[in-house]
Amino acid sequence: MSDSAVTMVVTEPRGPLHPVAAETVPPPAGWVRVSVVASGVCNADIATAAATGKDAAFPVTPGHEVAGVIAEIGDRVEGWAAGDRVAVGWFGGSCGHCASCRTGDVVHCAERKIPGLSYPGGWAQSITMPADALARIPDGLDLFDAAPFGCAGVTTFNAIRTAGVRAGGRVAVFGIGGLGHLALQFAVKLGYETVAIARGGDRERLARELGAHHYVDSDAQAPGAALKELGGADLIVYTASSTAPVDELLTGLGVHGQLTLIGVDAGSVTVPAARLVMNGHTLTGHLTGSPRETEQAMAFAVTTGVRPMIERMPLEKASDAVTQLRAGAPRFRIVLDTAGSE
């Protein structure tokens, strides 16, 4: 076992990411150390990498879409062994005793931990985290494909399968990016009539290759109006980072339709009360999933062929990955590769 591992760190607000050799130490009781193979780059990592929050504790290591192999196990950890293939996502542990935890809703634990914020994240060759954050990666799923399931995968999977859409219903996915291209695949494989909505026509071919039955270019026509022409959506999964288009998009919901926000900014949404009441509409938000739900998302992917479209980059190029993400350049998920780091 190596006594050090390359870790990407930020040492000052808005400072650059740079590699350092960090000593690996045995995990404390209830925690495990994982040798990282692949680590996704998510929009939420942009703020973490900027390290500007009042609670930022330097050095900061971002990364909350991690896949690797257990290297060491701390005391009082059961059910896991060195060599197990595991994933860790945005959910990075919980208190285990609050009302949310006791009812199984661990992601809403007030004391939940988030890799990269609560402890050093996964843009590294090694990460140490609570054992209750681990999700077991199934056979048949490559580690680089598994990494995005800890955040993008489980978030989109849960948002669709828990919405209660009728069999054969119509599901629209707004934004075909890192989240949206997975949401689109899940909606198709779950058997829904699926509408892909994106800006411009350049993503139509891909959307249809992923199984979309309809494509709406939001630059060419108002997407809410287009959905209304189709008969209205039972569910709109909103994956874009700006909330500005939500108001118009709500007009595309059918009776008892639901719009679920999983992409957000600091903006607000205006909902006409009369239309909401008269049509029985629901506007809701959705936040990630538990480790067990991540396992279910991965198992579903193995069975149905859902896979993230990824671009591999060396770990030391994490700064370039963040720059590309800010520019909206990736198609569709950058995954950092720790192999060969020194």
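Before reading further, recall that the structure is shown in the block above.
Heads up: these notes are all about the structure in this document.

Thresholds, definitions, all that
Residues numbered from 1 in each chain as written. Predicted model: local features only at pLDDT ≥ 70, side-chain atom pairs only at ≥ 80, totals over all residues. Heavy atoms only, no water. Helix = DSSP H or I, 4+ residues; strand = E, 2+ residues; numbered from the N terminus. Rg over C-alpha atoms; globule rule 2.2 N^0.38 Å. Buried < 20%, exposed > 50% of the residue type's maximum accessible area, 1.4 Å probe, protein only. Areas by Shrake-Rupley, 256 points an atom, 1.4 Å probe, with all protein chains shown as cover. 1 Å grid on protein atoms, 1.4 Å probe; cavity = no way out; pocket = protein on both sides within 12 Å on 5 of 7 lines; lining within 4 Å. Points joined across faces, edges and corners; volume = space filled by probe spheres on them. Nonpolar A, V, L, I, M, F, W, Y, C, P; charged D, E, K, R; others polar. Pairing = 2+ DSSP bridges. Axes fitted to C-alpha atoms, helices over the stretch in contact; angles between N-to-C directions. Contact = heavy atoms within 4.5 Å. Polar contact = N/O pair within 3.5 Å; in protein donor to acceptor, adjacent residues only side chain to side chain.

Describing the overall build of the chain
Move 1: When its secondary structure is counted, the chain shows eleven helices and 15 strands.
Move 2: The C-alpha atoms of the chain give a radius of gyration of 20 Å, which matches the 20 Å a tight globule of 342 residues would have.
Move 3: Each of the three principal axes of the chain carries a C-alpha extent, and together these read 60 × 40 × 40 Å.
Move 4: For the chain, the residues scored as buried account for 53% of the 342 residues in total.
Move 5: Here the chain displays about 14,700 Å² of accessible surface, and carbon together with sulfur accounts for 51% of that area.

A word on the layout of surface pockets
Move 1: Approximately 1,200 Å³ is the volume found for the largest pocket.
Move 2: In this structure, the largest pocket is lined by 40 residues; those nearest its centre are Asn 43, Leu 179, Thr 239, Ala 240 and Ser 241.
Move 3: Among the elements of the structure, α1 (44-50), β9 (193-198) and α11 (318-326) are those that each provide at least two residues to the lining of the largest pocket.
Move 4: In terms of residue class, the lining of the largest pocket is built from 19 nonpolar, 15 polar and six charged.

Examining the sheet that holds strand β12 (residues 253-261)
Move 1: Strand order in the open sheet made by the six strands is β10-β9-β8-β11-β12-β13, with parallel pairing throughout. Looking at strand neighbours, the two that pair on one side only are β10 (214-217) and β13 (282-285), the edges of this open sheet. Strand after strand, the sheet turns through a mean of 20 degrees between neighbouring axes, direction not considered.
Move 2: Across four bridges, the pairing between β12 and β13 is parallel. Its bridge partner lying in β13, Gln 258 is registered against Thr 282.

What to know about the environment of Trp 31
Move 1: Relative to the assigned elements, Trp 31 resides in strand β3 (residues 31-41).
Move 2: Trp 31 sits in the partly exposed class, given a relative accessible area of 21%.
Move 3: Between the alpha carbons of Trp 31 and Asp 132 there is a distance of 8.2 Å; along the sequence they are 101 residues apart.
Move 4: Residues contacting Trp 31, with those up to four places away along its chain left out, are Ile 73, Gly 74, Val 77, Lys 113, Tyr 119, Thr 128, Met 129, Pro 130 and Ala 131.

Topic: the pairing of strand β1 (residues 4-9)
Move 1: The buried fraction of β1 is high, at five of six residues.
Move 2: Two strands pair when backbone bridges link them, and β1 and strand β2 (residues 18-23) are joined in this way by six bridges, in the antiparallel orientation. Following the sheet pairing, Ser 4 is matched in β2 by Glu 23.

A word on the side chain of Thr 194
Move 1: Along the chain, Thr 194 turns up in strand β9.
Move 2: Taking relative accessible area as the criterion, Thr 194 reaches 0% and is therefore assigned buried.
Move 3: Among the polar contacts listed, one links the side chain of Thr 194 to the backbone oxygen of Tyr 192, at a separation of 2.9 Å.
Move 4: Apart from residues no more than four positions distant in its own chain, Thr 194 is found in contact with Val 171, Leu 184, Ala 187, Val 188, Ala 212, His 213 and His 214.

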